[in-house]
Protein chains: 2
Amino acid sequence: MSRPLTIALDVMGGDHAPHAVIKGASFALHKCEGLHFLLYGKESSITPLLDKYPDVKRCSTLHHTDSVVAAHDKPSQALRQGRNSSMRLAIDAVSNGQANAVVSSGNTGALMAMGKVVLRMLEGIYRPAIIAILPTMQKDVAFLDLGANVECDAETLFQFAIMGDAFARVVLRRDRPRIGLLNVGSEEMKGHEEVKAAHQLLKGEGTGIDYHGFVEGNDITTGVVDVVVTDGFTGNVALKTAEGAAKMITHYFKQAFGATLFSQIGYMFAKHQIDKVRKNLDPRRHNGAMLIGLNGILVKSHGSSDALGVSHAIQVAYTLSKYNINAQIQDEIRKSGVIGLTEESAGTL
Amino acid sequence: MSRPLTIALDVMGGDHAPHAVIKGASFALHKCEGLHFLLYGKESSITPLLDKYPDVKRCSTLHHTDSVVAAHDKPSQALRQGRNSSMRLAIDAVSNGQANAVVSSGNTGALMAMGKVVLRMLEGIYRPAIIAILPTMQKDVAFLDLGANVECDAETLFQFAIMGDAFARVVLRRDRPRIGLLNVGSEEMKGHEEVKAAHQLLKGEGTGIDYHGFVEGNDITTGVVDVVVTDGFTGNVALKTAEGAAKMITHYFKQAFGATLFSQIGYMFAKHQIDKVRKNLDPRRHNGAMLIGLNGILVKSHGSSDALGVSHAIQVAYTLSKYNINAQIQDEIRKSGVIGLTEESAGTL
């Protein structure tokens, strides 16, 4: 495939589709050079939007479909009945080489199931993981797995570390990312069997990655490492707990600023700086989680994403495509030596 | 044992011992009626402090010991060599009926190990759990297990729910606590086997508890339930992640307020309200985690606790003693019917 980079968009996915998707595509065009879109969705809904966003119209090809995966559809149902859905056709476009990456704000379960079935696993990788970028007190951190696998053995965690390393190089532009393994303490004796065994694998010679050791929950936001690795159960709970805690603190600050005339005046004086903090921590600016480990670039945008959120997810997909993340992962997996291309993993997955 | 309530204090435990412990005891005396202390630690360090806090001196009995469990001691080492340590003697006081509860800010691993060996399990309970109170956007929530067990089967999680229920009734004064089970989604098919099986047990008839169903990480701080139940690995990571996220947000707000003259003026105007938020969320006001499930009340105070933190931990121990938490747990376990007093659990633990 030649440049420009082509991104397939599930235009019907997400709470604010299709408008947020087309508007987000327009935002992304200003950030990414040489971008082309394949749009999948209802022509009658999309055409008027393209008239509104002629920049998107100019560099897009629209493929009509009436079928849409609903937010409440079960993954199995979406797989069976959604063969002509906007989500499925957009993933197909990556599978058959028409697009470099796919972005969808649709049903996460359906997207993961379709992604696995259509794109299949990257050679040598056992399981896909959800990886995303989070803000810290220093530089951003990459965090995986955010929920693709509720249980992970040591070798799977090891592979997550390799994939996280490649992701941090490509998306966070870190030369030599520091990798941390999430645990309940920093001592070797701490944790369950899987995490202790993964620690031994990561500590080994010649893995090609810069392993920091165990990190604890509070280390995620200190920025002490570039990548935090954990299983999908712990990762999902940790991510949502952090979001909840952040929401609670801002809720109380908001209440405080509104409480009295004095605090309202105080807010007016500090507003400019407070808005800067809000902007930095805005989850929309960290939107775009990759289902990493698949043989094709699939980026999940949050279901509630507005245009700004979608544009960030598109930028993630663009960067992953531009620097060919999957080639880097395979290269690192081969170099790591610890786990090669076993028959089971290469053949059957 | 008759009133007044007696609390054994490990006066040498914690970063700011012994001063923070004696001063904390003094604070607690103003909050709790009829309190008596058994103090364990070095007489030469404690006596001058008692002269400084005559209120504590008046209602305390001092037991001298030179032996102290250090912060870096391994649990096994503390068990073997710490038989005369201030921590161990304070726990012994509960075991032999001299005190209603023990409070220590010392080495967590050693405290847990000694607690289990000396106090043993409450009849019918399989495993102890660490339970603490966290702030939410509404009322406080009780959260367990915060790290006593890195892996838990379904029946253990079920028992945690029962113990959490009793804790919420006693400490949070909730009539009919709502219990949530932490998971990666609210649908029945979500999660690993243990959490799914625990869900089935909790959903059953006649458990005597008000089971809400699955909750996700972000629900911990919304206050949608009174008790959140999870295994010690997930709970420990979630707690520390929430602390980290809260720290990051306040760090950025602090930076914002200091950034410009305008924002500094803004802070001055809003200071009173902001301080109120800080005070509400102050972790010292939520200090005091119980090692629940033991045949005796053991409260862990944070290692870095100052006097305010220690006083809150003492208040938790006081409340747990006053309302006889362990009798309530055993009553509920018996009533729950689902898991009775099996031979293995009652006999061998």
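Residues numbered from 1 in each chain as written. Chains lettered and ligands numbered in written order. Predicted model: local features only at pLDDT ≥ 70, side-chain atom pairs only at ≥ 80, totals over all residues. Heavy atoms only, no water.

Please clarify how helix α2 (residues 43–52) of chain A should be interpreted in this entry.
Each full turn of the α-helix corresponds to 3.6 residues, which orients residues three or four apart in the same direction. All names here are of chain A. Residues of α2 that are buried include every one of I46, L49 and L50, and no others. Summarising the axial view, the buried residues of α2 lie within an arc of 105°, below the 170-degree limit, and thus occupy one face. With respect to the buried face of α2, the exposed residues turned more than 90 degrees away are S44 and K52. Each element contacted by the buried residues of α2 is listed here: α1 (19–29), β2 (35–41), α3 (54–58) and β3 (60–64). (Buried < 20%, exposed > 50% of the residue type's maximum accessible area, 1.4 Å probe, protein only. Helix = DSSP H or I, 4+ residues; strand = E, 2+ residues; numbered from the N terminus. Arc of directions from axis to C-beta. Contact = heavy atoms within 4.5 Å.)

What am I meant to see in the interface of chain A and chain B here?
A common way to report how large an interface is uses the accessible area buried once the components associate. On the chain B side, the residues contacting the 52 residues of chain A number 52 residues. Summing both partners gives a buried area of about 4,900 Å² for chain A against chain B, and 79% of it is carried by carbon and sulfur. Interface area lost by chain A to chain B is led by F233, F253 and F269 of chain A, which between them contribute 14%. In this assembly, chain A and chain B are joined by two salt bridges. Across the salt bridge formed by K240 of chain A and E216 of chain B, the nearest N and O atoms sit 2.3 Å from each other. The interface formed by chain A and chain B contains twelve residue pairs in polar contact (both at pLDDT 80 or more). Breaking the side of chain A that touches chain B down by element, the ones donating at least two residues are α8 (193–203), α9 (232–259) and α10 (261–281) of chain A. With 22 residues, the single largest contributor to the side of chain A that touches chain B is α9 of chain A. Residues that form the side of chain A that touches chain B fall into these classes: 27 nonpolar, 19 polar and six charged. (Buried area = accessible area lost by both parts, 1.4 Å probe. Salt bridge = Lys/Arg side-chain N within 4 Å of Asp/Glu carboxyl O. Polar contact = N/O pair within 3.5 Å; in protein donor to acceptor, adjacent residues only side chain to side chain. Nonpolar A, V, L, I, M, F, W, Y, C, P; charged D, E, K, R; others polar.)

For this particular structure, what's the right way to read unusual backbone geometry?
Keep in mind that most residues, glycine aside, have a negative phi and that most peptide bonds are trans. Cis rather than trans, the peptide bond between L144 of chain A and D145 of chain A has omega equal to 0°. Turning to its location among the elements, D145 of chain A is positioned in the loop between β6 (141–144) and α7 (154–171). With phi around 50°, N324 of chain A is a residue other than glycine that occupies positive phi space. Topologically, N324 of chain A is positioned in the loop between α11 (307–322) and α12 (325–336). The backbone phi angle of R120 of chain B is positive, close to 60°, even though this residue is not glycine. You can see R120 of chain B is positioned in the loop between α6 (108–119) and β5 (129–134).

For this particular structure, what's the right way to read α7 of chain A?
All names here are of chain A. Spanning 18 residues, α7 covers 25 Å between terminal C-alpha atoms, matching the ideal 26 Å at 1.5 Å per step. In terms of residue burial, α7 counts as a mostly covered element, since 16 of its 18 residues are buried. R173 sits one or two residues past α7 and shows a positive phi near 55°. (Expected span 1.5 Å × (residues − 1).)

Just to check I follow, could you spell out the sheet that holds strand β1 (residues 5–10) of chain A for this structure?
Think of a sheet as strands paired side by side through backbone hydrogen bonds, with each pair either parallel or antiparallel. Residue and element names in this part refer to chain A. Reading across the sheet, the eleven strands line up as β3-β2-β1-β4-β11-β10-β5-β6-β9-β7-β8 and stay open at both edges, with mixed pairing between neighbours. Either end of the sheet is taken by a strand with one partner, and the two such strands are β3 and β8 (210–215). Each neighbouring strand pair of the sheet contributes to a mean axis angle of 25°, computed without reference to strand direction. One ladder, built from six bridges, connects β1 with β2; its direction is parallel. Bridging from a neighbouring strand, I7 pairs with F37 of β2. Along the sheet face, α7 touches β5 (129–134), β6, β7 (178–182), β9 (227–229) and β10 (289–292) and points at about 160° away from the line of β9. (Pairing = 2+ DSSP bridges. Axes fitted to C-alpha atoms, helices over the stretch in contact; angles between N-to-C directions.)

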